[in-house]
Amino acid sequence: MHKGPQEDDGADRVFELQEEIQQLKEAVVSHAVVDQAIGMVVALGRVTPEQGWTVLREVSQHTNIKLRRVAEMVVLWGHEGEIPSKIRAELEDALDRHGPTQVPGAPPA
């Protein structure tokens, strides 16, 4: 049985929508991992969330590793206690540039 032009268009549209759904799912997971990593940088580095984002972005840029992958390594570091030395060194350098911020009401460090 031969498909007509409308059926081909419909099949193409279904395929496009399936691809778009997959990309959105990946974006949601990526966003969650980046948010978790920002939270870790905020807690460990005593920086603001904006500074945490900047720190992750700079580590990504200076190591030429995608931001999501850097975030994954930071989150794994929190679970496993290990992080590649190159990432750790860049993370420390970025934190030195951007933090730590003073906790409100705390005596000066």
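Keep in mind the model is a prediction, meaning the values are calculated, not measured.

Engineer: Teacher, can you tell me more about the nonpolar core here?
Structural biologist: For soluble globular proteins, nonpolar side chains are generally found buried alongside one another. Among the nonpolar cores identified, the biggest contains 22 residues, and V41, V55, L56, V59, V74 and L91 are the most heavily contacted of them. Looking at this core, the elements with two or more residues in it are α1 (5-45), α2 (49-63), α3 (67-80) and α4 (85-98). With 7 residues, α3 is the single largest residue contributor to this core. When sequence neighbours within four positions are dropped, the list of residues in contact with V74 reads A37, M40, V41, L56 and I83.

Engineer: How should the pattern of salt bridges be read in this particular structure?
Structural biologist: Should their charged atoms come close, side chains of opposite charge can pair. As enumerated under the stated definition, the model contains 5 salt bridges in all. The salt bridge involving R97 is made with E58; its shortest N-O contact spans 2.7 Å. Of this pair, R97 sits in helix α4 while E58 sits in helix α2, placing them 39 residues apart in sequence. A salt bridge links R69 to E72; its shortest N-O distance comes to 3.2 Å.

Engineer: I'm lost on the side chain of S60 in this one. Help?
Structural biologist: Along the chain, S60 falls in helix α2. Engagement of the side chain of S60 in a polar contact is seen with the backbone oxygen of I65, the distance being 2.5 Å. For S60, the side chain forms a polar contact with the main-chain nitrogen of L67, separated by 3.2 Å. If near-sequence neighbours (up to four positions away) are discounted, S60 is found in contact with I65, K66, L67 and V70.

Engineer: Would you take a moment to explain the environment of H62 for this structure?
Structural biologist: The residue H62 is located in helix α2 in this model. Taking C-alpha positions, H62 is 9.7 Å from A94, a pair spaced 32 residues apart along the chain. Leave out the neighbours within four places in its chain, and H62 touches E90 and R97. Engagement of the side chain of H62 in a polar contact is seen with the side chain of E90, the distance being 3.2 Å.

Cut-offs and rules
- Residues numbered from 1 in each chain as written.
- Predicted model: local features only at pLDDT ≥ 70, side-chain atom pairs only at ≥ 80, totals over all residues.
- Heavy atoms only, no water.
- Core = buried A, V, L, I, M, F, W, Y, C linked by side-chain atoms within 4.5 Å.
- Buried < 20%, exposed > 50% of the residue type's maximum accessible area, 1.4 Å probe, protein only.
- Helix = DSSP H or I, 4+ residues; strand = E, 2+ residues; numbered from the N terminus.
- Contact = heavy atoms within 4.5 Å.
- Salt bridge = Lys/Arg side-chain N within 4 Å of Asp/Glu carboxyl O.
- Polar contact = N/O pair within 3.5 Å; in protein donor to acceptor, adjacent residues only side chain to side chain.

Scope: geometric values only; no functional claims are made or implied.
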